[in-house]
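Residue-level listing of the chains:
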Amino acid sequence: MLKNLLKYIQEEHVAEQLYHSLIGIEIEEHRIDNHGKLIRQPYPTNLGSRRYHPYLQSDFSESMNEIITDPNPNIGGVLDQLDTLQTVLYRSIDKSESFWPLSMPPALDDEDVNFIKNHFGRPAYAKYRDYLTEKYGVARKIITGVHVNFSIPEPVINRLYVHYQDQFKTLVAFKNALYFQLAQNFVLHRWLLTYLFGASPIAEKGFLSAEDAKQVTHPVRSLRNSIYGYVNEPENHVDTTLYTSLDHYIDGLNYAVDHHQLYSKAEFYGPVRLRGQEEIKDYRTKGISYLEFRVLDNTPFTPNGISRHAMYFLKFFLMYLLVTPIDHENIADDLKKSFAENNQVALENPDQPTFKMTEGIKIFDELIQMAKSLHAHSEQLQALDDFSEVVSHPELTASAMLLKHIKNNSLMDFGTTVAKRWRAQRLGAPTLLPSMGNISFDAQRLIFHAIQLGIRYYVVKDEDGESLITLTYDNVTQVVYTDKVGKVEPLEYLYDLFPGIKKAAEQDNH
């Protein structure tokens, strides 16, 4: 249906705009104590209420923090904000706490499980959370990961639609076709991301059932991306064949929810989620706004959980998936096969070549050829070159590099040591917010407290090149010039700007 998409991208000269597609990151991380145990302290009271906080949330357990960036067209911008939000979080928790650097949780005992079951500070989600606990157990629900949100610029969609108006009656139908082709190709190529970014070779004590432990007999590439990880139950029938078509996706999820196979659409744990509409059926008429990709393990070799190099690769890889044709006649069988192949890659020995290596080399040849034809930036070309080496050198993958750190079938010592090192680096930084070193300390301090409270912020320049901060809460925006921020007391100043936020925090601390 979307033939010649790459050709039209070239003809319309929109490759540069595609490079600047909006991208955002969500990262889950567990707070731990100095021994690597999941923390039992309450959610930090110096952070704004989780009812409305745009950046800092928690998930299934009180120890499981979630950091959410704004969408940004620039990879540097989104990673700088991620760094800023993580710095605020580090400076908001107790000094005895740090963050577990791996996707698979630390070792669990019965006391840990019971504590997690019985302590939860988000009453609005308590019923749903009790349902998940009963259905999946605690261990599988506290796996963490990196989610990437991606949206195609509307001007690009509009320009390309000119070439497909005879096929699609509306712009929404065309936009849905673009996004759904990208989603399908992402599922079909998921194995490659599991290979490149798998970083969960083992499970700690208390995670696997006795039966599953008999099946997992050696370190693997990614337990998280395998059938032992974050997946729906087979009997719920919401597997990868849900992506056969948009109608099948919508009808399948609606059926699962209506027939109580799933609590809600939030319980669908597929590798890609359609985003932008509250009601699933509205995707047909109102359209997909963006996609959420959910397969990346936390990378334990960078304090941010995901590397800049990985982001450059991923953004171009998504462009490649966008323009790659789909075999619609065999799509259901191909999706079933992709699930099996991804699971096989996930459970391979990390330091051995993948059975998909030949196909991986072919994909990178096509990626590099496409990048050159679109005059890709040097950072993208370098990332493609580097990751193409990883396909034929499994010892360069994160999971393989973790093997030497496994002691007595455990990564607890490694994880705890890395967590303490990252904490020391964050707290020992010479500036309050290192990614904002170009603005004054007083301006950094104001932003720090705004983030703590849950006030959305942007640092931009006006028409004269002056830096200013826009602060938004409850649809009210205030503008502050960075060089005008004096020695004010930040909290009092922010409460004066947004009187409602203090009242909201007092009404419902968390």
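A quick note: this is a predicted structure, and the numbers were derived from the prediction, not measured.

Student: How should the layout of surface pockets be read in this particular structure?
Tutor: Gaps left between atoms are located by rolling a probe of water-molecule size over the structure's atoms. By volume, the second largest pocket is sized at about 460 Å³. For the second largest pocket, the lining is made up of 18 residues, of which G77, M436, Y457, Y458 and V459 are closest to its centre. Listing elements by their share of the lining of the second largest pocket, those giving two or more residues are helix 3 (75-90) and strand 8 (456-461). For the lining of the second largest pocket, the element with the highest residue contribution is strand 8, accounting for 5 residues. Within the lining of the second largest pocket, the residues separate by chemical class into 8 nonpolar, 7 polar and 3 charged.

Student: What am I meant to see in empty space enclosed by the protein here?
Tutor: Scanning the entire structure with this criterion turns up 3 cavities of 30 Å³ or more. Its volume calculated, the largest cavity comes out at about 80 Å³. Taken together, L38, I39, R40, Q41, S61, E62, S63, D112, F115, I116 and H119 make up the lining of the largest cavity. In this structure, the second largest cavity occupies an estimated 60 Å³ of space. Forming the boundary of the second largest cavity are W100, L102, M104, P105, A199, S200, P201, I202, E204 and L411.

Student: Teacher, can you tell me more about the pattern of salt bridges here?
Tutor: A full pass over the atoms with the stated rule returns 26 salt bridges. Across the pair K37 and D109 runs a salt bridge, and its minimum N-O distance is 3.2 Å. Here D109 lies in the loop between strand 4 (98-99) and helix 4 (110-118) and K37 lies in the loop between strand 1 (22-32) and strand 2 (56-58), a separation of 72 residues in the sequence. In this structure, the salt-bridge partner of K356 is E359, at a minimum N-O distance of 2.5 Å.

Student: Help me understand helix 16 (residues 378-392), please; the structure alone is not making it clear to me.
Tutor: Along an α-helix, a turn takes 3.6 residues, which lines up residues three or four apart on a common side. Taking 1.5 Å per residue, 15 residues should reach 21 Å; helix 16 reaches 22 Å between its end C-alpha atoms and fits that length. Buried residues of helix 16: Q380, A383, L384, F387, S388, V390 and V391, and no others. All buried residues of helix 16 lie within an arc of 150° about the axis, which places them on one face of the element. The elements touched by buried residues of helix 16 are helix 2 (15-19), helix 9 (190-197), helix 13 (308-323) and helix 15 (357-373).

Student: Can you walk me through the packing of helix 3 against helix 18 (residues 412-427) in this structure?
Tutor: Packed helix pairs are specified by the crossing angle of their axes together with the interaxial distance, meaning the distance between the axes. Here helix 3 crosses helix 18 at 100°, and the two axes come no closer than 10 Å. Considered as vectors, helix 3 and helix 18 are oriented roughly perpendicular to each other. When helix 3 is examined against helix 18, the residues D83, Q86, T87 and Y90 are found in contact with a partner set consisting of W422, R423, R426 and L427.

Student: What's the story with the side chain of Q452 in this structure? I'm lost.
Tutor: Relative to the elements of secondary structure, Q452 occurs in helix 19 (residues 441-453). Here S92 takes part through its side chain, which lies 2.9 Å from a polar atom of the side chain of Q452. Aside from chain neighbours lying at most four places away, what touches Q452 is N46, L47, G48, H53, V88 and S92.

Student: Got a minute to help me understand the pairing of strand 7 (residues 290-296) in this structure?
Tutor: Strand 7 sits mainly inside the fold: 6 of its 7 residues count as buried. Pairing between strand 5 (residues 146-151) and strand 7: 4 bridges, direction antiparallel. Of the residues in strand 7, the one forming a bridge with V148 is F293. Across 4 bridges, strand 6 (residues 272-275) lies against strand 7 in antiparallel orientation. Along strand 7, the bridge assignment pairs V272 with F293.

Student: Looking at this structure, how should I read the sheet that holds strand 9 (residues 467-473)?
Tutor: What the 3 strands build is an open sheet, ordered 8-9-10; its pairing is antiparallel. What marks the edges here is a single partner per strand, and that holds for strand 8 and strand 10 (476-481). Across the sheet, the mean angle from the axis of one strand to that of its neighbour is 20°, orientation sign disregarded. Sheet analysis places strand 8 next to strand 9, joined by 6 bridges and oriented antiparallel. The residue bridging Y457 from the neighbouring strand is L471, located in strand 9. Running at roughly 15° to strand 9, helix 19 makes contact with strand 8, strand 9 and strand 10 of the sheet.

Student: Looking at this structure, how should I read the environment of V480?
Tutor: As for its position among the elements, V480 is in strand 10. On a C-alpha basis, the gap between V480 and G287 in space is 36 Å, while along the polypeptide they are 193 residues apart. Among residues more than four places away in sequence, those in contact with V480 are L446, L468, I469, L471, V485, Y493 and L497.

Rules used in this analysis
- Residues numbered from 1 in each chain as written.
- Predicted model: local features only at pLDDT ≥ 70, side-chain atom pairs only at ≥ 80, totals over all residues.
- Heavy atoms only, no water.
- 1 Å grid on protein atoms, 1.4 Å probe; cavity = no way out; pocket = protein on both sides within 12 Å on 5 of 7 lines; lining within 4 Å.
- Points joined across faces, edges and corners; volume = space filled by probe spheres on them.
- Helix = DSSP H or I, 4+ residues; strand = E, 2+ residues; numbered from the N terminus.
- Nonpolar A, V, L, I, M, F, W, Y, C, P; charged D, E, K, R; others polar.
- Salt bridge = Lys/Arg side-chain N within 4 Å of Asp/Glu carboxyl O.
- Expected span 1.5 Å × (residues − 1).
- Buried < 20%, exposed > 50% of the residue type's maximum accessible area, 1.4 Å probe, protein only.
- Arc of directions from axis to C-beta.
- Contact = heavy atoms within 4.5 Å.
- Axes fitted to C-alpha atoms, helices over the stretch in contact; angles between N-to-C directions.
- Parallel < 35°, antiparallel > 145°, perpendicular 65-115°, else oblique.
- Polar contact = N/O pair within 3.5 Å; in protein donor to acceptor, adjacent residues only side chain to side chain.
- Pairing = 2+ DSSP bridges.

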